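Structural features, examined
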Amino acid sequence: MTATNGAATPASDGTGVRAGAGPAQSDTVAAVVRQWRAVHPELDTGPMEVIGRINRCAALLQQAEDAPLRRAGLSRPEFDLLGALRRTGHELTPGELARETFSSGAAVTKRLKQLTQRGLVERRGDTRDRRVAHVRLTDAGRDLVDGILPEQLAYETAVLSVLDPEGQHGLAGLLAELLGRLEGRMNALRT
């Protein structure tokens, strides 16, 4: 153990992994990191331990979480679009939907066409600018989102129950900090 600001913390083994870090060290990412360390012991694989675990968790969560969507005949991007319309509570333009869902304009246009054909959204032209369309949920679209959302939240609650409330709060805080800094950096690069 080493002391940092008076608090004891597990000592590092020199590889960026804290000694005694616990069960997380037996996951699939830990095996990948061990393999890379064997091939390139001189490289710091610490970033893989964070990014790899975030990516692996996201993939596993999405596979199971998408089951309610598949049953409803929706893809994740389609649900994200419907969800953006539902949570904002008002009409959005395709450009606004692209920003809300982190999608390209072309992808949003394709999804809107499919969702319009299914009767889940409807488009209306702008009275002042015919090039602009406004999109809103239909009653069927709103009912579909409202029906799926509780099932997804129940799944997420069950998944996160492996962490105590304090662990969930801590993880949410760390991820929020990382995301905020990454978004800030990406926005700065765009300007």
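Now for a description of the structure that goes with this document.

Conventions used here
- Residues numbered from 1 in each chain as written.
- Predicted model: local features only at pLDDT ≥ 70, side-chain atom pairs only at ≥ 80, totals over all residues.
- Heavy atoms only, no water.
- Helix = DSSP H or I, 4+ residues; strand = E, 2+ residues; numbered from the N terminus.
- Contact = heavy atoms within 4.5 Å.
- Areas by Shrake-Rupley, 256 points an atom, 1.4 Å probe, with all protein chains shown as cover.
- Axes fitted to C-alpha atoms, helices over the stretch in contact; angles between N-to-C directions.
- Parallel < 35°, antiparallel > 145°, perpendicular 65-115°, else oblique.
- Left-handed = near helix turned anticlockwise from the far one by under 90°.
- Buried < 20%, exposed > 50% of the residue type's maximum accessible area, 1.4 Å probe, protein only.
- Core = buried A, V, L, I, M, F, W, Y, C linked by side-chain atoms within 4.5 Å.
- Pairing = 2+ DSSP bridges.
- Expected span 1.5 Å × (residues − 1).
- Arc of directions from axis to C-beta.
- Polar contact = N/O pair within 3.5 Å; in protein donor to acceptor, adjacent residues only side chain to side chain.
- Patch = residues over 30% accessible without salt bridge, like charges linked within 9 Å, V, L, I, M, F, W, Y side chains within 5 Å.
- Salt bridge = Lys/Arg side-chain N within 4 Å of Asp/Glu carboxyl O.

**Structural notes on the overall build of the protein chain**
- Across its full length, the protein chain carries 8 helices and 4 strands.
- Along the protein chain, from the amino end to the carboxyl end, the secondary structure elements read β-β-α-α-α-α-α-α-β-β-α-α.
- Within the protein chain, contacts between residues separated by at least 24 positions form 46% of all contacts whose residues are at least 6 apart in sequence.
- Carbon and sulfur atoms provide 59% of the accessible area of the protein chain, an area that totals close to 13,000 Å².

**Remarks on the packing of helix α2 (residues 46-65) against helix α7 (residues 139-160)**
- In contact at an axis separation of 11 Å, α2 and α7 are set at 140° when each is read in the N-to-C sense. Taken as axis vectors, α2 and α7 run oblique relative to one another. Here α2 and α7 pass one another in a crossing that is right-handed. The residues of α7 that touch α2, namely those facing Leu-60, Leu-61, Ala-64 and Glu-65, are Gln-152, Tyr-155, Glu-156 and Val-159.

**Here's the deal with the environment of Val-50**
- Along the polypeptide, Val-50 turns up in helix α2.
- For Val-50, a relative accessible area of 46% gives the class partly exposed.
- Along the chain, Val-50 and Val-29 lie 21 residues apart, while their C-alpha atoms are 9.2 Å from each other.

**Observations regarding the nonpolar core**
- Judged by nonpolar contacts, the single largest core of 20 residues is most densely connected at Leu-74, Leu-82, Leu-85, Leu-97 and Val-121.
- Listing elements by their share of this core, those giving two or more residues are α4 (76-88), α5 (94-101), α6 (105-117), β4 (133-137) and α7.
- At 5 residues, α4 tops the list of elements feeding residues into this core.
- In this structure, Leu-82 is in contact with Leu-74, Leu-115, Leu-120, Val-121, Leu-137, Leu-144 and Val-145, ignoring residues within four places of it in sequence.

**Section: the pairing of β4**
- Along β4, 4 of the 5 residues are buried, which leaves the element largely enclosed by surrounding structure.
- Pairing analysis gives 5 bridges linking strand β3 (residues 121-125) to β4, with the strands arranged antiparallel. The residue of β4 that forms the bridge with Gly-125 is Ala-133.

**What to know about helix α1 (residues 28-39)**
- Relative to the 16 Å expected for 12 residues at 1.5 Å per residue, α1 spans 17 Å between its end C-alpha atoms, a close match to the ideal helical length.
- Buried within α1 are the following residues: Val-29, Ala-30, Val-33 and Arg-37. An end-on view of α1 places all buried positions within 100° of arc, on one side of the element. Turned more than 90 degrees from where α1 packs its buried face, Gln-35, Ala-38 and Val-39 sit exposed.
- As for α1, its buried residues are in contact with α2.
- Its side-chain oxygen placed 3.1 Å from the backbone nitrogen of Val-29, Asp-27 serves as the N-cap of α1.

**Description of a nonpolar patch on the surface**
- A cluster of nonpolar residues, Val-50, Ile-51, Ile-54, Leu-160, Val-162, Leu-163, Leu-171, Leu-175, Leu-178, Leu-182 and Met-186, forms a patch on the protein surface that exposes about 890 Å² of accessible area.
- Contributions of two or more residues to the nonpolar patch are made by α2 and α8 (165-190).
- The leading source of residues in the nonpolar patch is α8, at 5 residues.
- By secondary structure assignment, the location of Leu-175 is in helix α8.

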